[in-house]
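What follows is each chain in one-letter form.
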Amino acid sequence: MTIDLAVIDDLLKQYKTPEEILGDNGLLKQLTKAVLQRALQAEMTHHLGHEKHAAVTNKNGNARNGSSAKTLKGDFGTMPIEIPRDRNGSFEPLIIGKGQTRFAEFDSKIISLYSRGMTTREIKGHLEEIYGVEVSPTLISTVTEAVLEEVKIWQNRQLDALYPIVYMDAIRVKARDNGHVVNKAVYLAIGIKLDGDKEVLGMWISENEGAKFWLQVVTELNNRGVNDIFIACVDGLKGFPEAIETVFPKTQIQICIVHMVRNSLAYVSYKARPEVAADLKRIYQSATAEQAEMELETFAAKWDKAHPTISKSWRRNWEQIIPFFAYPADIRKVIYTTNTIESLNMSLRKVTKTRGSFPNDEAIFKLLYLAMNNITKKWTRPIRDWKAAMGRFTILFEERMPKP
């Protein structure tokens, strides 16, 4: 449908300045109100079956019965509207629903600002400054609370049967619990699908990780349709190996090498750090697991006196460090690093850093879910070198690959 340009030109003859067109009582706002009022009257005509001031034609004698005042909030600020009424009280307009005081687009703006980490007070100030609309903190909470039902549906949705790689990691947030502020971990799982696309599988909150907690998580994934995972890339999560072996016994566990190196360098002096990092690199860039083990022995001989915990840590986790050596060098980064999920976590931390603490777990889920929606919209490409990785997976896991 196209508006007659001549009509627009005729209207603009009466309005010269930007204020007269876009201002609080400008042309656009007047047009919006006029269109809404006419639409409401048209809905009433359809409901009754006769025009205004025309003879009553419906069987029950229902007719117009004045109007009631309502104030709408939106990008235009506030706008008084007259809602027509009928004698029987049966008229419920569609364009402005019963109880509606805001346009859906206005609610979307509140949610969008919230998802970017703005506090309730900041959102209130922003809407007042930009649109001249005063909204209460209660209204903002009400609008964002509606997201929780969406979160429940998302967290319980059906998943794919197979994910070649699943990355797991956590971010820490502060939350109030029984009058105290405590640190809580929000665990995230990202699955890499057969086509290389990334998908956030779910979020889970726990103060303490352990086999019992992880068994609950992997059981939930299984119940939601996941039957197999080739490789689970994790940051040495306590209790995770035992849990995933129970539900997905064929899954290889790969500890994130980036985390291993970072943890190893945590207590190394700034001066010695480049040299230690270079020697660790010789381990994980070895051509084979056997060569890597020899490099580890060389590292221990050189550094155990100054930093004995580093080689001990690598030996303790060795069985979960070496799986990636079964793959060629050009696709090892696809497997052994949780950079994919760390990038997501970094973006989420930017959103949560403005919050002193969350009042409850629901508030954590709400903000992180909305923020994730913004972040994952940019996930438009498969992860790098995925075709080469899938070629290798097809050979190594031939009997577990879905049949065409």
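Look up a bit, the structure's there.
Source: prediction; values computed, not measured. Here the residue index of a chain counts from 1 through its sequence in written order. Restriction of local features to residues with pLDDT of at least 70 applies here, the model being predicted, together with a cutoff of 80 or more for giving and counting side-chain atom pairs; totals for whole chains, interfaces and linings are based on all residues. Water and hydrogen atoms play no part in the side-chain values, which are based on all heavy atoms of the structure.

A. Quick look at the overall build of the chain. Every helix listed is a DSSP run of H or I at least four residues long, and every strand listed is a run of E at least two residues long, numbered separately from the N terminus. Looking only at helices and strands, the chain has 18 helices and 7 strands in total. Residue burial is assigned from relative accessible area. The probe radius is 1.4 Å, only protein chains are included, and a residue is buried under 20% of its type maximum, exposed over 50%, and partly exposed in between. Taken across its 404 residues, the chain has 46% of its residues classed as buried.

B. Just the packing of aromatic side chains, in detail. Only Phe, Tyr and Trp rings take part, Trp by its six-membered ring, and two of them pair if their centres are within 6.5 Å. Stacked means planes under 30 degrees apart, edge-to-face means over 60, and tilted covers everything else. A full pass over the atoms with the stated rule returns 12 aromatic pairs. Geometrically, the ring pair formed by Phe230 and Phe397 is stacked, given 4.3 Å between the ring centres and 20° between the ring planes. Linking Phe230 in strand 6 (residues 228–234) with Phe397 in the segment after helix 18 (386–396), this pair joins segments that are 167 residues apart in sequence. Phe397 matches Phe230 in its accessibility class, with the two residues each being buried. Members of the aromatic cluster, connected to one another through ring pairs, are Phe230, Tyr327, Trp386, Phe393 and Phe397.

C. Main features of the nonpolar core. Here the nonpolar core consists of buried residues drawn from Ala, Val, Leu, Ile, Met, Phe, Trp, Tyr and Cys, with membership extended through side-chain atoms lying within 4.5 Å. The biggest cluster of nonpolar side chains holds 69 residues, and the ones touching the most others in it are Leu280, Trp314, Leu348, Trp386 and Phe393. Ignoring any residue separated from it by four or fewer positions in sequence, one finds Trp314 in contact with Ile257, Met260, Val261, Ser264, Leu280, Ile283, Tyr284, Leu296 and Ile321. Within the second largest apolar cluster, 25 residues are counted, among which are Leu159, Val166, Ala189 and Trp214. Pairs of residues are marked as contacts when any of their non-hydrogen atoms sit within 4.5 Å.

D. Here's a closer look at the pairing of strand 5 (residues 198–206). In terms of burial, strand 5 is largely enclosed, as 8 of its 9 residues are buried. Note: strand 4 (residues 180–192) against strand 5, 8 bridges, orientation antiparallel. The residue bridging Leu188 from the neighbouring strand is Met203, located in strand 5. In this antiparallel pair of consecutive strands, strand 4 and strand 5, the connection spans 5 residues, and Gly196 shows a positive phi of 90°. Note: two strands are recorded as paired if DSSP finds a minimum of 2 bridges between them.

E. Summary view of unusual backbone geometry. A positive phi angle, close to 70°, is found at His53, a residue other than glycine. Mapped onto the elements, His53 comes out in the loop between helix 3 (27–48) and strand 1 (64–74). For Asp385, which is not glycine, the phi dihedral falls at a positive 60°. You can see Asp385 is positioned in the loop between helix 17 (361–376) and helix 18.

F. Seen up close, the layout of surface pockets. Residues are called lining when one of their atoms sits within 4 Å of a cavity or pocket point, these points coming from a 1 Å grid over the protein atoms alone, where a cavity is a set in which a 1.4 Å probe fits but cannot get out and a pocket is an open set with protein on both sides within 12 Å along at least five of seven lines. Grid points are joined across faces, edges and corners, and a volume is the space filled by probe spheres set on the points. Considering only enclosed or pocket space, the largest pocket measures out at about 360 Å³ in volume. Those elements giving two or more residues to the lining of the largest pocket turn out to be helix 15 (329–336) and helix 16 (339–352). Ranked by the residues each element gives to the lining of the largest pocket, the list is headed by helix 16, at 5 residues. Three classes are used: nonpolar for Ala, Val, Leu, Ile, Met, Phe, Trp, Tyr, Cys and Pro, charged for Asp, Glu, Lys and Arg, and polar for all others, with Gly counted as polar. Broken down by class, the residue content of the lining of the largest pocket amounts to 6 nonpolar, 6 polar and 5 charged.

G. Geometry of the environment of Arg85. Its place among the elements puts Arg85 in strand 2 (residues 77–86). When its relative accessible area of 41% is taken as the criterion, Arg85 is described as partly exposed. Counting along the chain gives 20 residues from Arg85 to Asn65, while the straight-line C-alpha distance between them is 5.2 Å. Among residues more than four places away in sequence, those in contact with Arg85 are Met44, Ala63, Arg64, Asn65, Gly66, Ser67 and Ser68.

H. Structural detail: the sheet that holds strand 7 (residues 252–255). Reading across from one edge, 5-4-3-6-7 is the order of the 5 strands in this open sheet, with mixed pairing throughout. Unpaired on one side and paired on the other, strand 5 and strand 7 mark the two borders of the sheet. On average, adjacent strands in this sheet sit at an angle of 25° to one another, irrespective of strand direction. With 4 bridges connecting them, strand 6 and strand 7 associate as parallel partners. By the bridge assignment for strand 7, Ala232 is matched with Ile253. Angles here are taken between N-to-C directions and fall from 0 to 180 degrees, while the axes themselves are lines fitted to C-alpha atoms, restricted in helices to the stretch in contact.

I. Main features of helix 18. Looking only at helix 18, the buried set comprises Trp386, Ala389, Met390 and Phe393. Down the axis of helix 18, the buried side of the element spans an arc of 100°, and every buried residue falls inside it. Turned more than 90 degrees away from the buried face of helix 18 sit Lys387 and Ile395, all of them exposed. The arc under discussion is defined with respect to the helix axis, by the directions toward the C-beta atoms.

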